[in-house]
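A look at the structure
For reference, the chains in residue letters:
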Amino acid sequence: MNRRSRMRTALTSTLPTLLAVPVLCLLAVAGAVPWSLLLALPVALVVHAAINFFRLERRLSEAGSRRPKTV
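Residues numbered from 1 in each chain as written. Predicted model: local features only at pLDDT ≥ 70, side-chain atom pairs only at ≥ 80, totals over all residues. Heavy atoms only, no water.

Re the confidence of the model for the protein chain
What counts, and what does not: Each residue carries a pLDDT value, the predictor's own confidence for that position, ranging from 0 to 100. Numbering of helices and strands starts at the N terminus; helices are DSSP runs of H or I of at least 4 residues and strands are runs of E of at least 2.
Confidence in the prediction for the protein chain averages 83 pLDDT; 80% of positions are at 70 or higher. Per-element confidence in the protein chain is highest for helix α3 (residues 21-30), whose mean pLDDT is 92, and lowest for helix α4 (residues 36-65), whose mean pLDDT is 80.

Quick word on the pattern of salt bridges
Pairs can form between side chains of opposite charge whenever their charged atoms are close. What counts here: Any carboxyl oxygen of Asp or Glu within 4 Å of a side-chain nitrogen of Lys or Arg constitutes a salt bridge here.
Within this structure, the stated rule accounts for 1 salt bridge. R6 serves as the salt-bridge partner of E57, at 3.3 Å between the closest nitrogen and oxygen. Linking E57 in helix α4 with R6 in helix α1 (residues 3-12), this pair joins segments that are 51 residues apart in sequence.

Description of the nonpolar core
One recurring pattern in soluble globular proteins: nonpolar side chains tend to sit buried together. Rule in force here: To qualify as a nonpolar core, a set must consist of buried Ala, Val, Leu, Ile, Met, Phe, Trp, Tyr and Cys residues joined through side-chain atoms within 4.5 Å. Exposure is judged per residue with a 1.4 Å probe applied to protein chains only, and the accessible area is read against the type maximum: over 50% gives exposed, under 20% gives buried, and values in between give partly exposed. Residue contacts follow a heavy-atom distance rule, with two residues in contact if any of their heavy atoms lie within 4.5 Å.
Core analysis: the biggest nonpolar cluster contains 6 residues, these being L24, A28, V33, L38, L41 and L45. Elements that contribute at least two residues to this core include exactly α3 and α4. Here this core takes 3 residues from α4, the largest share from any one element. When neighbours within four sequence positions are excluded, V33 is seen to be in contact with L24, L27 and A28.

Given below as structure tokens:
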């Protein structure tokens, strides 16, 4: 898998978290969660995408080593 595909997959994996943003905004307005949670969300998304990006590289290199060798 090339770098562009890994980046796309890593960013796509953050979509469920992005879907929670409107809910968190409503909860912050209602006072159920602190506003600092919304400030921490972009940092969490970047860390999540970076971890997935690097894990994809490691998994693919390990998976490639298990393939039977063709002669």
